[in-house]
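Next come the chains, spelled out residue by residue.
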Amino acid sequence: MYGVDEQLIGALAMGAKACVGSTYNYMPELTLRLIAAFEVGDIEKSREEQYRSQAAIKIFMRYAKQHGGIAGTGKAIMKMIGLDFGPPRPPEKTVSAGVAKQLQAELELIGFFKWK
């Protein structure tokens, strides 16, 4: 079992058989493609998916550090993909509507919403 989302391909190469991570909640299709490609030996495709994941995680972490914490930012992204689970528990903060709009725009720039 491995839990550093941005290093999943390396964990698979070292023999990991399962993964747990917060970003898999809003990038499940990408994660499943990464694992499936790795399992059939398509390292290029697996690497491509890992790079996409890393691009999204880089944006996610920047917003998490500056605006709402990991839970608040994750919930904002979940809401963007149609899964509204309400506000995070304290001490995490809800990402403001303006910040969520900026976050969505940055994710759109990297193609996040088209990766399905």
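Small disclaimer: the values here were computed from a predicted structure and weren't measured. (Residues numbered from 1 in each chain as written. Predicted model: local features only at pLDDT ≥ 70, side-chain atom pairs only at ≥ 80, totals over all residues. Heavy atoms only, no water.)

Draft legend 1. View of the packing of helix α3 (residues 43-80) against helix α4 (residues 97-109). Relative to each other, α3 and α4 sit at 100 degrees, their axes nearing to 10 Å. When the axes of α3 and α4 are compared, the pair comes out roughly perpendicular. Seen from α3, the contacting residues are A56, I59, R62, Y63, H67, T73, A76, I77 and M80; seen from α4, they are V99, A100, Q102, L103, Q104, E106 and L107. Broken down by class, the residue content of the contact of α3 with α4 amounts to 10 nonpolar, 4 polar and 2 charged. (Axes fitted to C-alpha atoms, helices over the stretch in contact; angles between N-to-C directions. Helix = DSSP H or I, 4+ residues; strand = E, 2+ residues; numbered from the N terminus. Parallel < 35°, antiparallel > 145°, perpendicular 65-115°, else oblique. Contact = heavy atoms within 4.5 Å. Nonpolar A, V, L, I, M, F, W, Y, C, P; charged D, E, K, R; others polar.)

Draft legend 2. α3, seen in detail. Here α3 is 38 residues long, yet its end C-alpha atoms lie only 30 Å apart, well below the 56 Å a rise of 1.5 Å per residue gives. Of all bends in α3, the biggest is about 120 degrees, found at H67. (Expected span 1.5 Å × (residues − 1). Bend = angle between axes of the 7 residues up to and from the residue.)

Draft legend 3. Spotlight on the packing of helix α2 (residues 28-39) against α3. The geometry of α2 relative to α3 is characterised by a closest axis approach of 7 Å and an angle of 155 degrees between their N-to-C directions. By the angle between their directions, the pair α2 and α3 is classed as roughly antiparallel. Handedness of the α2/α3 crossing: left-handed. Only I43, K45, S46, E49, Q50, R52 and S53 of α3 make contact with α2, whose side of the interface consists of L30, R33, L34, A37 and F38. Grouping the constituent residues of the contact of α2 with α3 by class yields 5 nonpolar, 3 polar and 4 charged. (Left-handed = near helix turned anticlockwise from the far one by under 90°.)

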